[in-house]
Amino acid sequence: MNQTNKRPGTVVRLARQMKGQQLRLTVVAVSIVVYVALSIWNPMYSAIAIDHLWQSIQAAARAGTPFAITWNNMGRELVQLTVQYFFTWIFYYLQSYLMASVAESLNLELRGQISRKLNRLPLRFFDQNKSGEVLSRITSDLDKIAEVLQTGLLKLIVAIGTIIGSLIAMFYYSVPLTCIFLLFMAVSVIITRIVAKKNLRYATERQETVGDLTGLVEELYNGRDVIKAYNHEAQSLRQVEGSAERNRAANQKADFLTNCVNPLIRLLTRLANVVIAIIAGHAMLAGTMTVGVVQAFFQYINQTAEPLTEASYMINSLQSALASAKRTFELLDEEEERPDPADPAVLERAKGRIAFEHVSFGYDPGRLLMKDISFHAEPGQKIAVVGSTGAGKTTLVNLLMRFYEVNGGRITVDGLDAAAMTRRGLRQNFGMVLQDTWLFGGTVAENIAYSKPDATRKEVVAAARAAKVDHFIRTMPKGYDTVLSNESANLSAGQRQLLTIARVFLCDPPILILDEATSSVDTRTEQRIQTAMDNLMRGRTSFVIAHRLSTIRDADIILYMEHGNIVEQGRHEELLAKKGAYASLYYSQFE
């Protein structure tokens, strides 16, 4: 794990993420400055205009003539005030539009970084984290960041500028009234700080519970058939309800703190208005303040109090965004796979000579699962890996594919150290069929061609025929152009397995890895596939993980594993003659 304590803070990292948007941010900054300046000048100019208007009305009343607005008498001032308000709106619209663009661009950039990061993370990360938790960071957390940047951050910056400018104007008009107002606002700031501190903790808890709930729902959705089969619907419902309740409680706390502060601050603002109105009324009667100045002063109160209210709300919202950003950066800081060598060894098409030389491995380096594993496979040989569940069979082939890095020793392909090659260069020599099939949302042809995107339709059909799946495909509504859902619920487990086997036929790799490739098909289909597999494996080095030992009696090498180590290796007849662990397992299947 990276040492995150040496990394800059979340706010600094967010700022650095927006370095590529200096032009937009500069225009936003200029728009904010102009908008704030106009917001401060508008009430001041309105005071001048209203005092002029009031004086004109009084003069007309004293002269006994009707009052009329002309270009020289208030017309010019009213037009100028209208223009000022129009440009205030223009600059508000400009900054809002550009800030939305900045926020979405940041969101897109972070999603791209996370996507690239996920491709560089070792399998250990995915073993330790639920997919739903990871998905919540890519969706919910990033959406929260974008939402707050579009509204919260912009409003907060504008609020700060407006508050400072308005207070300067208020002090210019009346120091005592401004001090009274500040006294009420000081109480508001203290309340906001207390609430914001607590809200950060609850916001973090909320995002964590969202991730837990998403992961649980996905897990239960994927296992819905098993849940129904074992009548665990009620228990599953209780799990979801418990997780949803924890999320509700966290949301309630965070939302309450975010929303409850606004009414309280508005109450304090209204009380300040009442006190100031009484004092300002006496000042007007005494002739020390004019009507225009009083109305301007109240405009400044609203311009200061409302942003203060919004600032308290947006500060709490920013706490949520910072919590989401922190979780996002934690994902981006996860330890990655060992980088590919700068000057990698190149193996265009392997002959298939594989060697494990004193290999040791453990998911936790302090607790080794495999110790001193050694064996050799010559080109074209069939190597069977057998043993009880959890013996380390799949781990062995995962090391061969460099899904995990060995802790000691080395693995060579045609004499070249696998660690000296790029992962891409190594894996292009392998074809792999796993127990768990994976098909994506696309046509049947696209799913088969996943192993060779530039394959022609003729090549795809040939691969399907070799995998004994061509006939089934042609019975589908649109044949090879039938669109599959990403869950492929309309296909049986055996049919999905056959399509993944067709992928291997298509890419024609020199080395094969078959992890219980026929586990999901019936016996008759298995026999047909086994015949095709025998043809496919001819001339290729093949690693076959099998539970049914009858399918690997012809293997050139059988590796029998227990607790991560190879305890026996040899041909079928040799291992039976030893009357050891393999013989015991073999005969137990035919009793």
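Conventions we followed
Residues numbered from 1 in each chain as written. Predicted model: local features only at pLDDT ≥ 70, side-chain atom pairs only at ≥ 80, totals over all residues. Heavy atoms only, no water. Helix = DSSP H or I, 4+ residues; strand = E, 2+ residues; numbered from the N terminus. Rg over C-alpha atoms; globule rule 2.2 N^0.38 Å. Buried < 20%, exposed > 50% of the residue type's maximum accessible area, 1.4 Å probe, protein only. Contact = heavy atoms within 4.5 Å. Areas by Shrake-Rupley, 256 points an atom, 1.4 Å probe, with all protein chains shown as cover. Lys, Arg positive; Asp, Glu negative; His and termini not counted. Charge placed at Lys NZ, Arg CZ, Asp CG, Glu CD. Pairing = 2+ DSSP bridges. Axes fitted to C-alpha atoms, helices over the stretch in contact; angles between N-to-C directions. Phe/Tyr/Trp six-rings, centres within 6.5 Å; stacked < 30°, edge-to-face > 60°. Patch = residues over 30% accessible without salt bridge, like charges linked within 9 Å, V, L, I, M, F, W, Y side chains within 5 Å. Salt bridge = Lys/Arg side-chain N within 4 Å of Asp/Glu carboxyl O. Core = buried A, V, L, I, M, F, W, Y, C linked by side-chain atoms within 4.5 Å. Parallel < 35°, antiparallel > 145°, perpendicular 65-115°, else oblique. Left-handed = near helix turned anticlockwise from the far one by under 90°.

Caption draft 1: Molecular detail of the overall build of the chain. From N to C terminus, the chain includes 18 helices and 12 strands. Its C-alpha atoms give the chain a radius of gyration of 36 Å, clearly above 25 Å, the size a compact globule of 591 residues would have. For the chain, the C-alpha atoms occupy an extent of roughly 125 × 55 × 50 Å along the three principal directions. Going through the 591 residues of the chain one by one, you find that 46% of them count as buried. Of the contacts formed within the chain by residues at least 6 apart in sequence, a portion of 78% connects residues at least 24 apart. Accessible area of the chain: about 30,300 Å², with a carbon and sulfur share of 58%. Both charge centroids of the chain, one from 63 positive and one from 57 negative side chains, sit 4 Å from each other.

Caption draft 2: Region of interest: the sheet that holds strand E9 (residues 511-515). On the basis of which strands lie adjacent, the open sheet formed by six strands has the order E6-E9-E10-E3-E11-E12 and mixed pairing. In the strand order of this sheet, the two ends are held by strand E6 (430-433) and strand E12 (565-570), each with one partner. Neighbouring strand axes in the sheet, compared pairwise and without regard to direction, differ in orientation by 15° on average. Direction of pairing for strand E11 (residues 557-562) relative to E12: antiparallel, over a ladder of five bridges.

Caption draft 3: Broad picture of the packing of aromatic side chains. By the definition in use, this model includes 16 aromatic pairs. Joined through ring pairs, the aromatic side chains of Phe86, Phe87, Trp89, Tyr93 and Tyr97 make up one cluster.

Caption draft 4: Up close: a nonpolar patch on the surface. There is a patch of nonpolar side chains on the surface, built from Trp71, Val79, Val83, Phe86, Phe87, Trp89, Tyr93 and Tyr97 and spanning about 900 Å² of accessible area. Within the element layout of this structure, Phe87 appears in helix H3 (residues 75-120). Residue classification places Phe87 among the partly exposed positions, given a relative accessible area of 40%.

Caption draft 5: Quick look at the pairing of strand E3 (residues 382-387). E3 sits mainly inside the fold: six of its six residues count as buried. Taking every second residue as pointing to the same face, both faces of E3 are buried, with Lys382, Ala384 and Val386 on one and Ile383, Val385 and Gly387 on the other. The sheet contact formed by E3 and strand E10 (residues 541-545) spans four bridges and is parallel. What sits directly across from Lys382, in E10, is Ser542. As defined by bridge partners, E3 adjoins E11 across five bridges and the pair is classed as parallel. Directly across from Gly387, in E11, lies its bridge partner Met561.

Caption draft 6: A look at the nonpolar core. Membership of the largest hydrophobic core comes to 51 residues, with the highest contact counts inside it found for Ile145 and Phe181. Listed by contribution, the elements that provide at least two residues to this core are helix H2 (22-63), H3, helix H5 (131-173), helix H6 (175-222), helix H8 (233-286) and helix H9 (291-332). What Phe181 contacts, discounting residues up to four positions off in sequence, is Leu167, Met170, Ala272, Ile276, Ile301, Thr304 and Ala305. Counting 45 residues, the second-largest nonpolar core is a separate cluster that includes Val461, Leu514, Leu575 and Ala583.

Caption draft 7: Geometry of the pattern of salt bridges. For the coordinates displayed, the defined rule picks out 24 salt bridges. A salt bridge links Arg137 to Glu330; the shortest N-O distance between them is 4.0 Å. Of this pair, Arg137 sits in helix H5 while Glu330 sits in helix H9, and the two are 193 residues apart along the sequence. Residue classification places Glu330 among the partly exposed residues on the basis of a relative accessible area of 34%. Its salt-bridge partner being Arg540, residue Asp508 comes within 1.7 Å of it at the nearest N-O pair. Taken together, the residues span a long stretch of sequence, with Asp508 in the loop between helix H15 (493-507) and E9 and Arg540 in the loop between helix H16 (523-537) and E10 at a distance of 32 residues. Residue Arg540 is classed as buried on the basis of its relative accessible area of 14%.

Caption draft 8: Main features of the packing of H3 against H5. Look at H3 against H5: their axes get within 9 Å of each other, and the N-to-C directions meet at 155°. As far as their axial angle goes, H5 and H3 are roughly antiparallel. Pair H3 / H5 crosses with right-handed handedness. Across from Gln95, Ser96, Met99, Ala100, Ala103, Glu104, Leu106, Asn107, Leu110, Arg111, Ile114 and Leu118 in H3, the residues of H5 making contact are Val134, Ile138, Thr139, Leu142, Asp143, Ile145, Ala146, Leu149, Gln150, Leu153, Leu154 and Val158.

Caption draft 9: Broad picture of the packing of H2 against H3. As a packed pair, H2 and H3 sit with axes 8 Å apart at the nearest point and diverge in direction by 155°. Put simply, H2 runs roughly antiparallel to H3. Like other packed secondary-structure pairs, H2 and H3 cross with a definite hand, here left-handed.

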